[in-house]
Amino acid sequence: VTPELMIKACTFYTGRLLKNHFYTWRERTIPPINGVDPLVEKMETAAKYDNFRLQRCAFHHWHSHVKAQKEQQKNTLLRIQQMFQCYKLMIILNKWREKAIYKNKKRENELMLKHELQLRKWRSKLKLRVSAKEEMICPKQDISEVFLVGEIPAFDISQLPKRAILQIFSYLGLRDTILCGQVNRSWLSMTQMNSLWTGIDFSTVKNTVTDKYVVSTLQRWRLNVLRLNFRGCVLRMKTLRSVSLCRNLQELNVSDCPTLTDESMRFISESCPGVLYLNLSNTAITNRTMRLLPRYFHNLQNLSLAYCRKFTDKGLRYLNLGNGCHKLIYLDLSGCTQISVQGFRNIANSCSGIMHLTINDMPTLTDNCVKALVEKCHCITSVVFIGAPHISDYTFKALSTCDLRKIRFEGNKRITDACFKFIDKIYPNISHIYMVDCKGLTDGSLKSLSPLKQLTVLNLANCVRIGDMGLIEFLDGPVSTKIRELNLSNCIHLGDASIAKLSEHCSNLNYLSLRNCEHLTELGIEFIVNIFSLVSVDLSGTDISNEGLMILSRHRKLKELSLSECDRITDIGIQITDSAMEILSAKCHYLHILDISGCILLTDKILEDIQMGCKQLRILKMQYCRLISKEAAKKMSSIVQQQEYSAADPPLWFGYDFEGKPLTAERDTIQLKDSELTLKESAYSSEEEV
């Protein structure tokens, strides 16, 4: 590049820069004639933004107001609907109540009418009987008393269908069946049906049965016998060997048989491989028998080794030999204190399918034993540990791998509320819980049990630390609708508050025990009456009085009531007279045992009613019944199998004299002497007459 060209280029560049800067200065210095002021434009933009912000704020407030109005309208509409539904339900409930009251009164009237008709019919029968007696001409016609009005004529039982005959004779024991076979040939043929001899129970005649009869019976029915029971029978070894004749045997009970040996079990096991149930409890078997079990009893499902103390851990190891006892479902090891942790480990290796485990009277049972067992036995659904004082909360933790349905513990002081923590998640299907005499359980346990949805039976008897608060929290959960049996005996802190909650929630409760709950009053009894599903109540040792007894009488479904040791119940609460016995005889035709001792208002008339109405009565007790004559009692003794009678004054501990008046301290000593003399002179019983 030459200097001239360089000068020319620089001059052009400098001129170009001046021109650009000049134009820029002119645009900024001299505003255009028709242009808009930027400040005005910015002010307009700011005003628009401010207006938009104000509009947005106003819209937000309006939107919130509209939303609140809609929510309020929705709540108002919902409340109106609820009020309408409530009013509708009240109308329905009132109509239902009126209809229920009408039906109840109608039913009561029908029952009263039916009751009156039955009494009239009963009295007419009595009149016919009395008139029949008066019209008798000679003593020989006493036989006609058998043919009373309404009697069913005798018929031949052999004419019934075979199925009905089997059903009738199935309720008889071995002795009664043999006696029935001695009536005549027809009855003998009925007792010789093959179906009646599928199960033979020799334990009912263990004191009279002979070895010869046992052998002959087994030889005759060897093809039909499926079940044999020799519990407590003292038989010779040769007799026990005859069990091997029953090739189809499925159930065998030889518990408490002192003569059972390993040799006898060898003959039985070799010939009866189909046994499913085997009870060897309290026998002298050893490891030799334990070796036979897996070798021959391949289908064994139920095994009881309770109180068999001559086998060892080595014998339990034999259970895994051959085909093993892998089908075992039930196992009873009660009282087998010789079993160690290794023994339980051997059981787990051999019988991993165990579902029901019973270990009672086992002071040597520890948490480690249970842990060793459940390491491989994950199918356990029920456990019974009674008399195992060293079991603690750790056992429940070890059993968490199993789906428990039933648990039963008794007399354990190491179990606390911690065992029931998260029980609804660990054992959601548990249905039966028996935790009797576990002093470590408190209200916290009941609170933990409340979420259970399948629990039907709960027994917390003698858990003295349980009170109203725990039971109320328990009933607040879903468990209250399922519970059918509740035992809270000796829970002395329970009162009326928890019973009120019980009547509100437990609509399916059938059995209730509140024995020795001293704080229970008549108010609590009123709540119990409102549990319409109840059939059995135990209120022994409570503070119930005659008023409470009157309240209980309103319950229509109650079948069993226990009121022992209730000191406030007096003679006014319970009265028995001839009219009451007349109703009893007209209603209770299947009564077997009747004790009217101390009922001083009863007369000879009630014996006629009982003789006519209670034809199946076997035992009659009439101690201290002064108005019942000796002649009437003697006549009655020939009708019943056992009778106790005396016309002496009631003893002092009855609390009243022969007229029914309460005893005073002044008459106690005189009454004692008179009663002793009268008892010696007039005591009479059917046994003495025989």
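Predicted model only: the values in this text are computed from it and were never measured.

Chemist: Sorry if this is basic, but what is going on with the overall build of the chain here?
Modeler: Looking only at helices and strands, the chain features 24 helices and 19 strands. The 690 residues of the chain split such that 38% are buried. For the chain, the accessible surface area stands at approximately 41000 Å², while carbon and sulfur atoms represent 57% of it.

Chemist: Any chance you could explain the packing of aromatic side chains here in plain terms?
Modeler: Any pair of aromatic rings gets described here by the distance separating the centres and the angle formed by the planes. By the definition in use, this model includes 9 aromatic pairs. Residues F385 and F409 carry aromatic rings whose centres are separated by 5.4 Å and whose planes lie at 80° to one another, so their mutual orientation is edge-to-face. Taken together, the residues F385 in strand β8 (residues 382–386) and F409 in strand β9 (residues 406–410) connect sequence positions 24 residues apart. Given a relative accessible area of 2%, F385 falls into the buried group. A relative accessible area of 1% means that F409 is categorised as buried. Through pairs of rings, three or more aromatic residues link up here, namely F385, F396, F409 and F420. Lying across the ring of Y434, R408 places its NZ or CZ 5.2 Å from the centre.

Chemist: What is the right way to look at the pairing of strand β17 (residues 619–622) in this model?
Modeler: Every regular strand shows the same layout, with side chains that alternate between the two sheet faces. The side-chain alternation of β17 yields one buried face, formed by L620 and M622, and one unburied face, formed by I619 and K621. Pairing of strand β16 (residues 593–595) with β17, which is carried by 3 bridges, proceeds in the parallel orientation. Within β17, the residue paired with L594 across the bridge is L620. Bridging between β17 and strand β18 (residues 642–646) involves 4 bridges; their strand directions are parallel. Across the sheet, residue I619 finds its bridge partner in β18, namely Q642.

Chemist: Help me understand the pattern of salt bridges, please; the structure alone is not making it clear to me.
Modeler: Should their charged atoms come close, side chains of opposite charge can pair. Tallied over the entire structure, the rule returns 12 salt bridges. In this structure, K439 engages D437 in a salt bridge whose closest nitrogen and oxygen atoms are separated by 2.0 Å. The class for K439 is partly exposed, based on a relative accessible area of 32%. For D437, a relative accessible area of 25% translates into the label partly exposed. Salt bridges sharing common partners tie together E263, R266, E270 and R288.

Chemist: Can you walk me through the packing of helix α21 (residues 605–613) against helix α22 (residues 630–637) in this structure?
Modeler: The relative placement of two packed helices comes down to the angle between their axes together with the axis-to-axis distance. Where α21 meets α22, the closest approach of the two axes is 10 Å, and the angle between their N-to-C directions is 15°. Taken as axis vectors, α21 and α22 run roughly parallel relative to one another. Seen from above, α21 lies across α22 with left-handed handedness. Residues L607, I610 and Q611 of α21 form the contact with α22, whose participating residues are A632, A633 and M636. In terms of residue class, the contact of α21 with α22 is built from 5 nonpolar, 1 polar and no charged.

Chemist: Would you mind going over a positive patch on the surface with me for this structure?
Modeler: Taken together, the side chains of R291, R295, K314 and R317 present a region of like positive charge at the surface. Secondary structure elements with two or more residues in the positive patch: α9 (287–296) and α10 (313–317). Summarising the element assignment, K314 is placed in helix α10.

Chemist: Explain the nonpolar core to me, please; I cannot follow it from the model alone.
Modeler: In terms of nonpolar packing, the biggest core is built from 128 residues, with L228, F230, I433 and M435 touching the most fellow members. Top element by residues in this core is helix α12 (residues 367–374). It accounts for 4 residues. When neighbours within four sequence positions are excluded, L228 is seen to be in contact with I200, F202, L218, V243, C246, L249, E251, L252 and N253. The next biggest cluster of nonpolar side chains, apart from the first, holds 20 residues, and it includes I606, L620, C625 and A632.

Chemist: Quick question: what am I supposed to make of the side chain of T283 here?
Modeler: Relative to the helices and strands, T283 is located in the loop between β4 (277–279) and α9. Excluding its chain neighbours within four sequence positions, the residues that come into contact with T283 are V254, S255, D256, C257, L260 and C308.

Chemist: How should I be thinking about unusual backbone geometry in this particular structure?
Modeler: Generally, phi is negative for residues other than glycine and the peptide bonds are trans, each holding for most cases. Even without being a glycine, N282 presents a positive backbone phi close to 60°. One can find N282 in the loop between β4 and α9. Although it is not a glycine, D361 adopts a positive phi angle of roughly 50°. Checked against the element boundaries, D361 lands in the loop between β7 (356–358) and α12.

Chemist: Please explain the packing of helix α17 (residues 496–505) against helix α18 (residues 522–529) as it appears in this structure.
Modeler: Close contact between α17 and α18 brings their axes to 8 Å; oriented N to C, the two are set at 10°. Accordingly, the angle class assigned to the pair α17 and α18 is roughly parallel. Counted together, D496, I499, A500 and S503 of α17 and L523, G524, F527 and I528 of α18 form the full contact between these two elements. A breakdown of the residues in the contact of α17 with α18 according to their chemical character gives 5 nonpolar, 2 polar and 1 charged.

Chemist: Explanation requested: the side chain of Q643 in the structure shown.
Modeler: With respect to the secondary-structure elements, Q643 resides in strand β18. One polar contact links the side chain of Q643 to the main-chain carbonyl oxygen of A633, over a distance of 2.8 Å. From its side chain, Q643 meets the backbone nitrogen of S637 in a polar contact 3.2 Å long.

Chemist: Teacher, can you tell me more about the environment of T395 here?
Modeler: Inspection of the secondary structure assignment puts T395 in helix α13 (residues 393–398). With sequence-adjacent residues up to four places away left out, T395 is seen in contact with D367, V370 and F385.

Cut-off values and rules
Residues numbered from 1 in each chain as written. Predicted model: local features only at pLDDT ≥ 70, side-chain atom pairs only at ≥ 80, totals over all residues. Heavy atoms only, no water. Helix = DSSP H or I, 4+ residues; strand = E, 2+ residues; numbered from the N terminus. Buried < 20%, exposed > 50% of the residue type's maximum accessible area, 1.4 Å probe, protein only. Areas by Shrake-Rupley, 256 points an atom, 1.4 Å probe, with all protein chains shown as cover. Phe/Tyr/Trp six-rings, centres within 6.5 Å; stacked < 30°, edge-to-face > 60°. Lys NZ or Arg CZ within 6 Å of the ring centre and 35° of its normal. Pairing = 2+ DSSP bridges. Salt bridge = Lys/Arg side-chain N within 4 Å of Asp/Glu carboxyl O. Axes fitted to C-alpha atoms, helices over the stretch in contact; angles between N-to-C directions. Parallel < 35°, antiparallel > 145°, perpendicular 65-115°, else oblique. Left-handed = near helix turned anticlockwise from the far one by under 90°. Contact = heavy atoms within 4.5 Å. Nonpolar A, V, L, I, M, F, W, Y, C, P; charged D, E, K, R; others polar. Patch = residues over 30% accessible without salt bridge, like charges linked within 9 Å, V, L, I, M, F, W, Y side chains within 5 Å. Lys, Arg positive; Asp, Glu negative; His and termini not counted. Charge placed at Lys NZ, Arg CZ, Asp CG, Glu CD. Core = buried A, V, L, I, M, F, W, Y, C linked by side-chain atoms within 4.5 Å. Polar contact = N/O pair within 3.5 Å; in protein donor to acceptor, adjacent residues only side chain to side chain.

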